[in-house]
Amino acid sequence: MPNLRAPLLLLAFLLLAGCATTPTDLRSPLATWVPSPNHNARGPVIIVLHHTDQDNVQQSLHTLRTANSGGRVSSHYLVGADGHIYQLVADNRRAWHAGGGRWGGLTDLNSTSIGIEIDNDGSSPFAPDQIAALIRLLDDLCTRLDIPRSQIIAHADLAPARKQDPSRFFPWQQLAAAGFGLWPRDADGPAPAGFDPWLALQAFGYPLDDRDAAAGAFHRRFRGRDDLPPTLDADDARILHSLLLQQR
């Protein structure tokens, strides 16, 4: 009689592994279960980009996996300066990366987003291999999780009064050229007469609780500047006009 012990143990292990990774439906004991097929899994709808503001990737891995002076933080992914991609939290789990803030109608960004930390000290350009790896990761995430490729934002976009990451050195235009996020088009021309840039800024997604901070976050992302006054000029109106045309 052949020895079936090893195959049976392997089968048992695979069955247990399958049970461990299969989500369980949460049902109320007070209700009669009458299932409807009209549903799908809850998942992320937007991707938030951060820079680590630390010295190296090992330090960031430690911070993202432990408690620190500001409490426990994490992200789904960390992209090293050499282009190595680390995953710390499963895509279907809620990483603690965004904190308080909002973007358009999204108010709980931790629950609706994928967070990607990028190994960078905040005062240096981003490495080419790192950006190439980020673009590959964005392509994978948007394809697998069905996230719109336009829905890539900065941490500072959703919390402009608290955050400034990723810094003015981040190459948003390069990302847009690869198909991720939005960038103004020269062909769209200037904003039309009567165009209100503040209403446009809010319509694009920025919270206006602190207008100075919102203008600063917008300038950092779309003009690569930290030294502009906290107002919106004709060039800002031109940029916003083009961005809103692309959101339609």
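Okay, so let's go over this structure. (Residues numbered from 1 in each chain as written. Predicted model: local features only at pLDDT ≥ 70, side-chain atom pairs only at ≥ 80, totals over all residues. Heavy atoms only, no water.)

## What to know about the packing of aromatic side chains
Alright, step 1. Scanning the entire structure with this criterion turns up 9 aromatic pairs.
Alright, step 2. Where Phe170 meets Trp172, the ring centres are 4.8 Å apart and the plane angle is 70°; that geometry is what we call edge-to-face.
Alright, step 3. One aromatic cluster is present, formed by Trp103, Trp183, Phe204, Tyr206, Phe218 and Phe222 through successive ring pairs.
Alright, step 4. Above the ring of Trp172, the side-chain terminus of Arg221 is found at 4.3 Å from the ring centroid. (Phe/Tyr/Trp six-rings, centres within 6.5 Å; stacked < 30°, edge-to-face > 60°. Lys NZ or Arg CZ within 6 Å of the ring centre and 35° of its normal.)

## What about the pairing of strand 1 (residues 46-51)?
On a regular strand, one side chain projects to one face of the sheet and the next to the other, so that they alternate.
Alright, step 1. Within strand 1, 6 of the 6 residues are buried, which leaves the element mostly enclosed by the surrounding structure.
Alright, step 2. Sheet topology note: the strand 1/strand 6 (residues 113-118) ladder contains 6 bridges and is parallel. Across the sheet, Val48 pairs through a bridge with Gly115, a residue of strand 6.
Alright, step 3. For strand 1 and strand 7 (residues 152-154), the ladder comprises 3 bridges, and the chain directions are parallel. Across the sheet, residue Leu49 finds its bridge partner in strand 7, namely Ala154. (Buried < 20%, exposed > 50% of the residue type's maximum accessible area, 1.4 Å probe, protein only. Helix = DSSP H or I, 4+ residues; strand = E, 2+ residues; numbered from the N terminus. Pairing = 2+ DSSP bridges.)

## Overview of the packing of helix 7 (residues 197-204) against helix 9 (residues 234-247)
Alright, step 1. Running from N to C, helix 7 and helix 9 point in directions that differ by 40°, and their axes come no closer than 10 Å. Between helix 7 and helix 9, the angle is such that the two are oblique. Once helix 7 is placed against helix 9, the crossing between them reads as left-handed. Facing helix 7, whose interface residues are Pro197, Ala200, Leu201, Ala203 and Phe204, helix 9 presents Ala237, Leu240, Leu243, Leu244 and Gln247. (Axes fitted to C-alpha atoms, helices over the stretch in contact; angles between N-to-C directions. Parallel < 35°, antiparallel > 145°, perpendicular 65-115°, else oblique. Left-handed = near helix turned anticlockwise from the far one by under 90°. Contact = heavy atoms within 4.5 Å.)

## Digging into the packing of helix 8 (residues 211-222) against helix 9
Alright, step 1. Close contact between helix 8 and helix 9 brings their axes to 12 Å; oriented N to C, the two are set at 75°. Relative to helix 9, the element helix 8 is oriented roughly perpendicular. Between helix 8 and helix 9, the contacting residues are Phe218, His219 and Phe222 on the first element and Asp236, Ile239, Leu240 and Leu243 on the second.
Alright, step 2. Within the contact of helix 8 with helix 9, the residues separate by chemical class into 5 nonpolar, 1 polar and 1 charged. (Nonpolar A, V, L, I, M, F, W, Y, C, P; charged D, E, K, R; others polar.)

## Focus on helix 8
Alright, step 1. Between its first and last C-alpha, helix 8 extends 16 Å over 12 residues, near the 16 Å set by a 1.5 Å rise per residue.
Alright, step 2. For helix 8, the tally of buried residues reaches 9 of 12 residues, placing the bulk of the element in the interior.
Alright, step 3. Buried within helix 8 we find Ala213, Ala214, Ala215, Ala217, Phe218, His219, Arg220, Arg221 and Phe222.
Alright, step 4. Of the residues one or two after helix 8, Gly224 is the one with positive phi, at around 60°. (Expected span 1.5 Å × (residues − 1).)

## Re the side chain of His51
Alright, step 1. Looking at where His51 falls in the secondary structure, it is placed in strand 1.
Alright, step 2. Relative accessible area serves as the criterion here: at 11%, His51 is assigned to the buried category.
Alright, step 3. Among the polar contacts listed, one links the side chain of His51 to the backbone nitrogen of Ser167, at a separation of 3.1 Å.
Alright, step 4. Ignoring anything within four residues of it in the chain, the contact list for His51 reads Glu117, Ile118, Asn120, Gly122, Phe126, Gln164, Asp165, Pro166 and Ser167. (Polar contact = N/O pair within 3.5 Å; in protein donor to acceptor, adjacent residues only side chain to side chain.)

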